[in-house]
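One letter stands for each residue in the lines below.
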Amino acid sequence: MAAAVQQAISRGETLVAEAGTGTGKTFAYLVPALLAGGKLLISTGTKPLQDQLFRKDLPAVLKALKLNAATAVLKGRANYVCLHRMARAEAEALLPTRDDARHLRAIVRFSGETATGDRANCRRSRKMRPSGPG
């Protein structure tokens, strides 16, 4: 698969490839893509796969290839604390339950501690629901 990816990149072609779980698909496309240089955009179907790719697979491949590349994770805005909505909720203080008020306090604390606002890094994020676009 890696050879097919490399060939598709060098020829400017499109490649559709399929392989079973655990066969090394990620490394098979990362290695030739990183060696080719340029920008690379990878879209995943799930957040756990995105996290695995960014936190485990990509660093391992970069280290093995002795490459230094700028990397970033891009997520939709529903994955981040909306400072405007948070401030409005604090100012209005019209939360329907005590649990909601407790969650808001946790979000406010988190917003003061985080550099990114990524809800995945908030300890209570799994229990909180997104409130829509912010």
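Coordinates for the structure precede this section.
Residues numbered from 1 in each chain as written. Predicted model: local features only at pLDDT ≥ 70, side-chain atom pairs only at ≥ 80, totals over all residues. Heavy atoms only, no water.

Engineer: Describe the overall build of the chain, with residues and values.
Structural biologist: A tally of regular secondary structure across the chain gives 5 helices and 0 strands. When the helices and strands of the chain are read in sequence order from the N terminus, they spell out α-α-α-α-α. Against the 2.2 N^0.38 benchmark of 14 Å for 134 residues, the chain shows a C-alpha radius of gyration of 20 Å, more extended than a compact globule. By principal-axis analysis of the C-alpha atoms, the chain measures approximately 60 × 30 × 25 Å. Of the contacts made within the chain by residues no fewer than 6 positions apart, 57% connect residues no fewer than 24 positions apart. Looking at the chain as shown, the accessible area adds up to about 10,100 Å², and 54% of this sits on carbon and sulfur atoms. (Helix = DSSP H or I, 4+ residues; strand = E, 2+ residues; numbered from the N terminus. Rg over C-alpha atoms; globule rule 2.2 N^0.38 Å. Contact = heavy atoms within 4.5 Å. Areas by Shrake-Rupley, 256 points an atom, 1.4 Å probe, with all protein chains shown as cover.)

Everything listed is a geometric property; what it means functionally is a separate question.
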